[in-house]
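# Chains, contacts and geometry: an overview
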Amino acid sequence: MLVAKNINEFRKGYETVRPGMKVGLVPTMGALHQGHISLVKKAVDKCDFVIVSVFVNPTQFNNPEDLRTYPRTLEADCELLGSAGADLVFAPQVEDIYPEKDERVFDFEGLDKYGEGPRRPGHFNGVAQVVTRLFDIAKPDYAFFGEKDFQQLAIIRNFTRKLGNKIEIVPCEICRGEDGLALSSRNMLLNAAQRAAAPHIFATLDSETKKLAEDNFNMSVDEFLKRITDGINSNPELECEYAEAVDSDDLHRIASWDESEHIRLWCAVYAGKVRLIDNIKVR
Ligand code: PAF
């Protein structure tokens, strides 16, 4: 496995790609965990050459403190990636990705209207900037993204299709710890009490969603969301920032169950200063 720390090293490493080979790209911001590794393994199964990018993209951080404290663990990442079967790690410098200031503004056709969109202004635009740059550089046939970032996945699909790229976006299920906590690089920022509390997020989503189905969707959306928020907040270490029920395809926030057949529940929760997101299929 080759580790390219700038674009010239990347181009050298890419020379091993022969015509006809299927190239897979797994974009990451590093601090890798088994969730990322499951994406890499899926890529290894499907592709002949697997590139994993490790780049903490400054343009997608709306909070400078979050960017500063984002965990950076390249050496450990490379060890995991070597065992998972990646061929090339691309850990570029900011100037490799943005030789000049990226002024592009993307239109996500309303997919960013709810959820993370209004809470993290500019975040998805930054994601689109970096992902399109990585697509241009790595020219993948397939790109792999996790469903934990459900809204990000829909937005990436949307701009990839509109840019006319032939890249197939491959969704990958959320990986959870045995206690149900969605794996996330941010989990390593939790202190012991917060880490012990964090599984309560998914436990609440899961149990309330099951109750809703057993109850044949008889409670209102508002009542259901209040149960989720109250349930999460019943743990003193956690504070729910938002919980929303959205249509799984166009991501509009629903006010009644008959508005959509396919519904996702998503939320963001603070454990101290650490912001965690999660989601679950409602139906
Ligand atoms: O999901 C992430 O880790 C990032 O948003 C991504 C897709 C690697 C872009 O920086």
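Preceding this paragraph is the structure being described.
As the structure is a prediction and not an experimental result, all values here were calculated from the model.

So, about the pairing of strand S8 (residues 263-271). Burial runs high along S8: eight of the nine residues are buried. Across nine bridges, strand S7 (residues 238-247) lies against S8 in antiparallel orientation. Paired with Val246 across the bridge in S8 is Arg264. Summarising the sheet, S8 and strand S9 (residues 274-281) pair through eight bridges and their orientation is antiparallel. Residue Tyr270 lies in a different strand from S9, and its bridge partner there is Arg275. Where S8 folds back onto S9 in an antiparallel hairpin, the turn is made up of two residues, including Gly272, whose phi is positive at roughly 65 degrees.

As a matter of local geometry, the ligand sits amid Pro27, Thr28, Met29, Gln60, Val127, Val130, Phe145, Asp149 and Gln152. Taking Gln152, its side chain carries an N or O atom lying 2.8 Å from an oxygen atom of the ligand. Secondary structure elements with two or more residues in the shell around the ligand: strand S2 (23-28) and helix H7 (123-138). Partitioned by chemical class, the residues of the shell around the ligand number five nonpolar, three polar and one charged.

About the cut-offs
- Residues numbered from 1 in each chain as written.
- Predicted model: local features only at pLDDT ≥ 70, side-chain atom pairs only at ≥ 80, totals over all residues.
- Heavy atoms only, no water.
- Buried < 20%, exposed > 50% of the residue type's maximum accessible area, 1.4 Å probe, protein only.
- Helix = DSSP H or I, 4+ residues; strand = E, 2+ residues; numbered from the N terminus.
- Pairing = 2+ DSSP bridges.
- Near = heavy atom within 4 Å.
- Polar contact = N/O pair within 3.5 Å; in protein donor to acceptor, adjacent residues only side chain to side chain.
- Nonpolar A, V, L, I, M, F, W, Y, C, P; charged D, E, K, R; others polar.

Nothing here speaks to function; it is all geometry.
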